[in-house]
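Residue-level structural notes
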2 protein chains.
Amino acid sequence: MATGLKELTPRSENYSQWYNDLVIKADLAENSAVRGCMVIKPYGYAIWEKIQAELDRMFKETGHQNAYFPLLIPKSFMCREAEHVEGFAKECAVVTHYRLKNDPDGKGVIVDPDAELEEELIIRPTSETIIWNTYKGWINSYRDLPILCNQWANVLRWEMRTRLFLRTAEFLWQEGHTAHATSEEAMAEAVKMLNVYANFAENFMAIPVIKGVKSANERFAGAIETFCIEALMQDGKALQAGTSHFLGQNFAKAFDVKFITKENTQDYVWATSWGVSTRLMGALIMTHSDDNGLVLPPKLAPYQVVIVPIYKNAEQQAAIAEKVSGIMEKLRNAGISVKFDNNDTKKPGWKFAEYELKGVPVRLAMGMRDMENNTIEVFRRDTLVKETMPLEGIEAHIKQLLDDIQANIFKKAFDYRTSVTRNVDSYDEFKVEIEKGGFLMCHWDGTPETEEKIKTETKATIRCIPLDGDKTPGKCMVTGKPSAQRVVFARNY
Amino acid sequence: MATGLKELTPRSENYSQWYNDLVIKADLAENSAVRGCMVIKPYGYAIWEKIQAELDRMFKETGHQNAYFPLLIPKSFMCREAEHVEGFAKECAVVTHYRLKNDPDGKGVIVDPDAELEEELIIRPTSETIIWNTYKGWINSYRDLPILCNQWANVLRWEMRTRLFLRTAEFLWQEGHTAHATSEEAMAEAVKMLNVYANFAENFMAIPVIKGVKSANERFAGAIETFCIEALMQDGKALQAGTSHFLGQNFAKAFDVKFITKENTQDYVWATSWGVSTRLMGALIMTHSDDNGLVLPPKLAPYQVVIVPIYKNAEQQAAIAEKVSGIMEKLRNAGISVKFDNNDTKKPGWKFAEYELKGVPVRLAMGMRDMENNTIEVFRRDTLVKETMPLEGIEAHIKQLLDDIQANIFKKAFDYRTSVTRNVDSYDEFKVEIEKGGFLMCHWDGTPETEEKIKTETKATIRCIPLDGDKTPGKCMVTGKPSAQRVVFARNY
């Protein structure tokens with residue numbers, strides 16, 4: 001339906017190009033003048049705001065509070081936790097100076113060599129270190145626990161190959177950081193937040209996910225256990241959509257955070273951290289959209305309904321506008337967000353293509369014939385099906401339709417995932433099957449060496465060891481050694 | 001009322017120390033391990049979230065959309081607008097490298113000399129440059145205008161002397177950046193946003209403000225005209241609470257952003273920018289609070305009402321809790337946010353002091369006597385007045401009380417400001433009066449030289465040239481030259 005400048009490369013031709021086209025043409029984001037850093041455009045940001053609002057509500061319902069910690073982290077903090085520095089210090093932006101000055105040669109400004117920092121500062125790639133250094137001052141006794149903080153922030157990792165939303169140097173995210181008196185409580189928190197993420201992904205983003213545990217190779221740098229939700233994109237590649245880490249006492253030990261227990265002994269504090277990022281935007285786009293553009297779940301669409309008037313002259317335009325204002329009121333009273341595009345400089349056909357590209361779940365069109373018949377044309381974005389409906393009771397119909405769309409796109413994604421998830425029992429078969437994409441459920445002997453060999457030879461990684469589902473033991477497809485259960489292999493974003 | 005560790009230095013003894021005590025002891029914010037960067041603690045952040053939510057609603061109602069632009073700005077961008085670089089480049093954090101590596105000597109990590117950036121990147125002190133470089137790609141014709149974007153973000157300015165909320169290296173803010181086809185439209189936008197800020201300050205923060213124009217000396221670096229709202233703190237010092245800039249075509253020229261006009265000619269685009277920051281937290285604290293702690297306007301309090309039970313045993317505690325749950329429901333249904341502090345490890349007296357310190361507008365206390373009498377003790381934070389009220393109709397009473405508190409603290413601040421605002425007509429008198437604090441309304445000849453002389457000799461600056469009020473001309477108190485109207489002088493934060 002989209003035409004001319006707005007046309008997308010079809011998915012079948014080049015999935016990756018289709019994604020790039022869509023992000024740009026639907027006005028979601030674009031690259032900036034700074035390598036790897038994106039500009040999130042208003043329409044893209046409006047979707048992110050919906051994601052934020054819903055997650056924030058869920059975090060608060062589970063007892064968390066927001067706070068804000070510094071952007072900059074002293075270099076020495078990064079070194080306190082041995083694995084953490086290995087994982088993060090190699091790819092970060094380093095602030096070395098705090099002043100510019102006029103170039104004595106008159107050529108703009110230069111870094112002032114007299115303004116060198118004694119200790120370099122790192123732009124946070126994640127905030128465990130600065131936060132645990134802060135928590136040290138907040139925690140004395142078990143009465144100060146738990147601490148349940150979340151932060152909405154920007155972070156920066158110096159990625160070499162970047163793609164809009166999926167992998168950018170700077171990205172937006174939330175990071176929860178909690179402190180607990182016992183290992184059990186911290187572990188329960190990590191699992192609780194995993195479930196919050198899975199609930200959000202499935203019931204708001206309409207993305208089916210597998211909940212699981214990461215293998216040691218894929219674990220967060222500094223964690224004892226990393227839980228994750230894994231989604232499957234339409235091209236058969238996996239995407240990690242959120243992680244929740246049980247950090248044990250690693251950061252408490254690194255920053256010397258001890259507390260007096262109820263029994264009047266001293267112990268190090270137990271920690272979790274958990275996060276999702278603007279990467280979710282990439283998952284949202286790649287799970288549901290089609291060759292006509294974005295398909296948005298109604299629960300996250302900036303507006304759920306757009307109304308386009310079809311008229312030949314100003315008189316007709318005015319008559320339709322009046323009729324539409326009544327419809328808008330009914331829809332809004334029913335809790336539906338709606339936009340009326342009465343812009344006179346664009347033709348209806350252009351608008352139809354534009355709102356398809358932008359993934360508005362429902363489009364209503366009203367012309368003079370509809371006015372006479374007291375009807376309206378209803379178009380649903382997910383199936384591209386159009387029908388004419390009576391205006392009487394339209395708000396109930398649209399409300400139901402939005403629920404149907406939300407359920408339908410989840411089902412579509414779920415059915416697709418089911419169709420490309422299969423058990424594979426030999427490594428030879430694995431090498432053939434992995435080329436076709438999807439989730440391969442295989443037995444693995446649990447060693448990093450076998451995982452590494454598979455990754456090197458096939459570019460597939462273990463996405464997770466699923467928490468639910470088939471727990472039948474078997475034999476590793478590569479080494480024949482015992483395996484406790486099948487794990488999920490895939491190529492991934 | 002606060003006791004022991006929670007006690008504040010009285011304002012009369014040391015206002016500055018009182019402020020620092022209050023910010024720390026009411027759990028609003030604290031200094032971090034990074035010089036000049038603060039940690040905003042959950043209770044402080046909850047107030048900031050209320051501020052954000054209300055402003056964001058106002059921005060959207062006036063047609064603005066949120067977007068997000070990069071944290072880092074290429075050094076060369078800062079130099080494009082001559083005045084802008086003078087104003088901002090001298091106090092910024094400079095990223096020169098993008099990698100750390102293990103120290104060959106085994107002493108932690110060092111900056112990798114092989115990872116030096118070709119061009120240094122600046123952490124944004126404000127985003128005009130990166131945004132106008134982006135707008136260049138968004139604007140071709142008058143049909144693309146106006147662009148009405150806002151960004152919620154962190155920024156960083158390398159301040160030498162910092163104070164929590166009032167002046168920190170990193171701070172949180174919103175920055176609006178709009179692009180227009182005509183000078184008139186841009187000017188109208190700048191004034192519109194000034195009015196939004198004034199409305200927010202007066203009707204939500206309960207802070208009376210003077211709307212005005214900055215003198216050339218105090219203008220934003222790169223602006224043609226800077227509008228501001230100026231508030232007066234309890235110690236008689238002024239605080240700039242928000243600014244809105246008419247930028248003319250300065251940034252459009254610096255980044256070559258032209259558009260085709262309706263008349264098919266070419267012109268540079270007209271710009272505004274406007275912002276408020278976490279500095280507002282400082283204004284909020286210093287305007288209303290007292291020696292017992294924070295006083296919050298009900299419209300921005302994280303919770304408006306706290307209920308404290310008074311009991312002797314578990315049975316009484318349970319009976320009161322049951323009674324309170326009914327009261328909470330009534331209050332919540334009336335749109336009032338309420339917290340029930342049923343924590344058994346703290347005494348009522350401790351709780352009373354704690355919630356006074358934290359500025360909760362209304363405290364309700366219920367003991368066995370109240371249970372019997374069907375009454376409740378109602379304490380209002382602003383006047384510290386306590387009375388016993390019947391439970392019947394309590395929700396209507398509290399709703400009215402919250403409105404009264406909101407109005408009363410505004411009036412108190414307004415009356416204080418009135419009491420310390422006076423006309424001063426001679427420079428000798430000025431030198432005496434400025435020591436007493438407050439706003440001095442004086443005639444000034446309009447020259448930067450006279451303003452500079454006054455600043456050097458008295459540490460007072462022109463806070464603004466008021467838009468409203470007395471416009472009678474007169475003679476400059478220093479030079480005797482003609483003056484168009486009185487302007488506002490004060491010492492300031």
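Everything quoted here is computed from the prediction, not taken from an experiment. (Residues numbered from 1 in each chain as written. Chains lettered and ligands numbered in written order. Predicted model: local features only at pLDDT ≥ 70, side-chain atom pairs only at ≥ 80, totals over all residues.)

1. Section: the overall build of chain A
A tally of regular secondary structure across chain A gives 14 helices and 27 strands. The C-alpha atoms of chain A give a radius of gyration of 26 Å, which matches the 23 Å a tight globule of 493 residues would have. Projected onto its principal axes, the C-alpha coordinates of chain A cover approximately 80 × 70 × 55 Å. Looking at chain A as a whole, 48% of its 493 residues are labelled buried. For chain A, restricting intrachain contacts to residue pairs at least 6 apart in sequence, the fraction spanning at least 24 positions comes to 68%. (Helix = DSSP H or I, 4+ residues; strand = E, 2+ residues; numbered from the N terminus. Rg over C-alpha atoms; globule rule 2.2 N^0.38 Å. Buried ≥ 20, exposed ≤ 12 C-beta atoms within 10 Å, placed from the backbone. Contact = placed C-beta atoms within 7 Å.)

2. Re the nonpolar core
Core analysis: the biggest nonpolar cluster contains 302 residues, and Cys 92, Ala 201, Ala 231 and Ala 241 of chain A together with Cys 92, Ala 201 and Ala 241 of chain B have the highest contact counts within it. In contact with Ala 241 of chain A, not counting residues within four places along its chain, are Ala 201, Ile 207, Val 209, Ile 229, Glu 230, Ala 231, Val 276, Leu 280 and Ala 283 of chain A. (Core = buried A, V, L, I, M, F, W, Y, C linked by C-beta atoms within 7 Å.)

3. Concerning unusual backbone geometry
The linkage connecting Leu 145 of chain A with the following residue, Pro 146 of chain A, adopts the cis geometry, with an omega of -5°. Mapped onto the fold, Pro 146 of chain A is located in the loop between helix 5 (128-138) and strand 9 (147-156). For Phe 165 of chain A, which is not glycine, the phi dihedral falls at a positive 70°. For Asp 256 of chain B, which is not glycine, the phi torsion reads 55° and is therefore positive. Counting through the fold element by element, Asp 256 of chain B comes out in the loop between helix 7 (250-254) and strand 14 (258-260).

4. Considering the interface of chain B and chain A
The interface is formed by 53 residues belonging to chain B together with 53 residues belonging to chain A. Looking at the side of chain B that touches chain A residue by residue, the classes come out as 33 nonpolar, 11 polar and nine charged. The sheet contact formed by strand 5 (residues 94-97) of chain A and strand 5 (residues 94-97) of chain B spans three bridges and is antiparallel. Bridge pairing links His 97 of chain A to Val 94 of chain B in strand 5 of chain B. (Nonpolar A, V, L, I, M, F, W, Y, C, P; charged D, E, K, R; others polar. Pairing = 2+ DSSP bridges.)

5. Observations concerning the domain arrangement of chain A
All names here are of chain A. Each assigned domain of chain A is listed here: domain 1 (4-96 + 122-288), domain 2 (303-408) and domain 3 (421-490). Taking the mean C-alpha position of each, domain 1 and domain 3 sit 26 Å from one another. Between domain 1 and domain 3, the contact holds 16 residues from the first and 17 residues from the second. Counting residues per element, the side of domain 1 that touches domain 3 draws most heavily on strand 11 (residues 210-213), which supplies four residues. (Domains from an automatic or database assignment.)

6. A few points about the environment of Met 205 of chain B
Summarising the element assignment, Met 205 of chain B is placed in the loop between helix 6 (183-203) and strand 11 (210-213). Through-space distance from the C-alpha of Met 205 of chain B to that of Thr 287 of chain B is 9.3 Å; in sequence the pair is 82 residues apart.

7. Quick look at the packing of helix 9 (residues 314-333) of chain B against helix 12 (residues 394-419) of chain B
All names here are of chain B. Here helix 9 crosses helix 12 at 50°, and the two axes come no closer than 9 Å. With respect to helix 12, the element helix 9 is oriented oblique. Two packed elements cross with a definite hand, and for helix 9 against helix 12 that hand is right-handed. Across the interface between the two elements, Ile 327, Lys 330 and Leu 331 from helix 9 touch Ile 394, Glu 395 and Ile 398 from helix 12. The residue inventory of the contact of helix 9 with helix 12, partitioned by class, reads four nonpolar, no polar and two charged. (Axes fitted to C-alpha atoms, helices over the stretch in contact; angles between N-to-C directions. Parallel < 35°, antiparallel > 145°, perpendicular 65-115°, else oblique. Left-handed = near helix turned anticlockwise from the far one by under 90°.)

8. Description of the pairing of strand 17 (residues 305-309) of chain A
All names here are of chain A. A large share of strand 17 lies buried, amounting to five of its five residues. Burial of strand 17 is two-sided: the residues Val 305, Ile 307 and Pro 309 facing one way and the residues Val 306 and Val 308 facing the other way are all buried. When strand 17 meets strand 18 (residues 338-340), the two strands line up parallel, connected through three bridges. Within strand 18, the residue paired with Val 306 across the bridge is Lys 339. With respect to chirality, the unit in which strand 17 leads through helix 9 (residues 314-333) into the neighbouring parallel strand 18 is right-handed. For strand 17 and strand 19 (residues 362-366), the ladder comprises five bridges, and the chain directions are parallel. Bridge pairing in strand 19 places Val 308 opposite Ala 365. (Right-handed = clockwise from strand over helix to strand, strands pointing away.)

9. Brief notes about the relation of the copies chain B and chain A
Here the two chain copies are tied together by a rotation about an axis and a shift along that axis. The two copies are related by a screw operation: chain B maps onto chain A through 180° of rotation and 0.0 Å of translation along the axis, at an RMSD of 0.0 Å. Both chain copies can therefore be described as sitting about a two-fold axis. Ranked by how close their C-alpha atoms come to the rotation axis, the residues of chain B are headed by Val 95 of chain B, at 2.1 Å. Looking at chain B, 100% of its interface residues are interface residues in chain A too, so the copies touch through the same face. (Least-squares fit on C-alpha atoms with pLDDT ≥ 70 in both.)

10. Structural notes on the environment of Lys 192 of chain B
Residue and element names in this part refer to chain B. Turning to its location among the elements, Lys 192 is positioned in helix 6. Among the residues examined, Lys 192 registers 16 C-beta atoms within 10 Å and is labelled partly exposed. Lys 192 sits 45 residues away from Ile 147 along the chain, and the two C-alpha atoms are 15 Å apart.

11. Some words on the sheet that holds strand 10 (residues 170-180) of chain A
Residues and elements named next belong to chain A. Pairing within the open sheet is mixed, and its 11 strands lie in the order 3-9-10-16-13-12-11-24-27-23-22. The open sheet is flanked by strand 3 (65-66) and strand 22 (421-423), the only strands paired with a single partner. Where strand 13 (residues 238-248) lies against strand 16 (residues 270-277), five bridges are found, and the strand directions are antiparallel. The partner of Gly 248 across the bridge, within strand 16, is Ala 271. Running over the sheet, helix 5 touches strand 9, strand 10 and strand 16 and is turned about 35° from strand 10.

12. Focus: the pairing of strand 20 (residues 375-380) of chain A
Residue and element names in this part refer to chain A. In this sheet, strand 20 lies alongside strand 19 in antiparallel orientation, the contact comprising four bridges. Note on strand 20: the bridge partner recorded for Val 362 is Arg 380. The pairing of strand 20 with strand 21 (residues 386-390) spans five bridges and is antiparallel. Note that in strand 21 the partner of Phe 379 across the bridge is Lys 386. In this antiparallel pair of consecutive strands, strand 20 and strand 21, the connection spans five residues, and Leu 384 shows a positive phi of 65°.

13. Focus on the confidence of the model for chain A
Should pLDDT be low for a region, the predicted coordinates there are not to be read in detail. Here chain A averages 96 in pLDDT, and 99% of its residues register 70 or above. The ipTM, which scores confidence in the relative placement of chains, is 0.96 for this predicted complex, and the corresponding pTM is 0.96. (pLDDT = per-residue confidence, 0-100.)

14. Regarding the sheet that holds strand 17 (residues 305-309) of chain B
Adjacent strands of a sheet form backbone hydrogen bonds with each other and so pair up, either parallel or antiparallel. All names here are of chain B. Sheet architecture is open: five strands sit in the order 18-17-19-20-21, paired in mixed fashion. Each edge of the open sheet is held by one strand with a lone partner, namely strand 18 (338-340) and strand 21 (385-390). Mean inter-strand twist for the sheet, computed between neighbouring axes without regard to direction, equals 25°. Here six bridges tie strand 20 (residues 375-380) to strand 21, and the two strands are oriented antiparallel to one another. Paired with Glu 377 across the two strands is Thr 388, which belongs to strand 21. Here helix 10 (residues 348-357) sits on the sheet and contacts strand 17 and strand 19 (362-366); the angle it forms with strand 17, its principal contact strand, is near 170°.

15. Concerning helix 5 (residues 128-138) of chain B
Most of helix 5 of chain B is tucked away: eight of the 11 residues are buried. Every buried residue belonging to helix 5 of chain B is among Glu 128, Thr 129, Ile 130, Ile 131, Trp 132, Asn 133, Thr 134 and Tyr 135 of chain B, and all of these are buried.

16. Looking at the environment of Gly 367 of chain B
With respect to the helices and strands, the residue Gly 367 of chain B is situated in the loop between strand 19 and helix 11 (368-373). In sequence terms Gly 367 of chain B and Ile 310 of chain B are 57 residues apart; their C-alpha atoms lie 4.6 Å from each other.

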